[in-house]
Amino acid sequence: MQQYDLNLILNPNLSAEQVQIEKDYIENTLKNTGAEIVGLDDRESNTRLAYHIGKDREGRILFYTIKAAGNPEKDIASSLRLRDHVRRVLVVKDRPEWKTKKA
């Protein structure tokens, strides 16, 4: 199993209950595809985006670290993109050499 970063931008107008529903759906989708959640970084508030997504200038950002086999872009991201409140999905393969400092 490879390690990946799963980054999502949610609708900024969601209530706390709606955000929890979306997080539960994301976790169920990951479990159903055989992925394992290693970590979650939730910003707990809206973040100003560099560019508009639709008419929204802000978004709720979630950063998941997952371990998955196969092609998570096809399996996971394609099903998450169908959600109404999910604005963007990005899956990036984690590469350890990107995290080391070069002298």
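These remarks concern the structure in this document. Source: prediction; values computed, not measured. Residue numbers restart at each chain and count upward from 1, following the sequence in its written direction. Where totals are concerned, whole chains, interfaces and linings use all residues; where local detail is concerned, this predicted model gives features only for residues with pLDDT of at least 70, and gives and counts side-chain atom pairs only at 80 or more. As a convention, hydrogens and water are excluded, and side-chain values are obtained from all of the structure's heavy atoms.

**Some words on the sheet that holds strand β1 (residues 2–10)**
Inference 1: Two strands form a pair only when DSSP identifies at least two bridges running between them. For helices the rule is a DSSP run of H or I covering at least 4 residues; for strands it is a run of E covering at least 2, with both sets numbered from the N terminus onward. The four strands lie next to each other as β2-β3-β1-β4, forming an open sheet whose pairing is antiparallel. Whereas interior strands pair on both sides, the edge strands pair on one side only; in this sheet they are β2 (36–53) and β4 (86–93). Taking the axes of each pair of neighbouring strands and ignoring which way they run, one obtains an average angle of 20° across the sheet.
Inference 2: The pairing of β1 with β4 spans seven bridges and is classified as antiparallel. Looking at β4, one finds that L8 is bridged to V89.
Inference 3: Should any heavy atoms of two residues lie within 4.5 Å, those residues are considered in contact. Angular values range over 0 to 180 degrees, each being the angle between N-to-C directions of two axes fitted as lines to C-alpha atoms, with helices fitted over their stretch in contact. Lying over the sheet, helix α1 (residues 16–32) contacts β1, β2, β3 (56–68) and β4, oriented at roughly 30° with respect to β3.
Inference 4: In this fold helix α2 (residues 72–80) packs onto β1, β3 and β4, with an angle of close to 170° to the strand it touches most, β4.

**Side note on the packing of aromatic side chains**
Inference 1: For Phe, Tyr and Trp, where Trp contributes only its six-membered ring, two rings pair if their centres lie within 6.5 Å, and the inter-plane angle classes them as stacked under 30 degrees, edge-to-face over 60, or tilted in between. As enumerated under the stated definition, the model contains zero aromatic pairs in all.
Inference 2: Either the NZ atom of lysine or the CZ atom of arginine qualifies as a charge over a ring when it sits within 6 Å of the ring centre and within 35 degrees of the ring normal. Positioned over the ring face of Y25 is R83, at 4.0 Å from the centre of the ring.

**A few points about the pairing of β1**
Each regular strand carries side chains that alternate between the two faces of the sheet.
Inference 1: As paired elements, β1 and β3 share nine bridges and run antiparallel to each other. Each residue of the ladder has a partner; that of L8, found in β3, is L62.

**Observations concerning the pattern of salt bridges**
Inference 1: The salt bridge criterion pairs a side-chain nitrogen of Lys or Arg with a carboxyl oxygen of Asp or Glu, the two atoms within 4 Å. The full count for this structure, using the stated rule, is six salt bridges.
Inference 2: For R83, the salt bridge goes to E22, with nearest N and O atoms at 3.0 Å. Here R83, found in the loop between α2 and β4, pairs with E22, found in helix α1; they are 61 residues apart in sequence, far enough to count as distant.
Inference 3: Looking at E22, the relative accessible area reads 3%, which means it is buried.
Inference 4: The salt bridge partner of R81 is E73, with a shortest N-O separation of 3.0 Å.
Inference 5: The buried label goes to any residue with under 20% of its type's maximum accessible area, the exposed label to any with over 50%, and the partly exposed label to all in between, with areas taken from a 1.4 Å probe on protein chains only. Judged by its relative accessible area of 32%, E73 falls in the partly exposed class.
Inference 6: The structure contains a network of salt bridges with shared partners spanning K23, D42 and R60.

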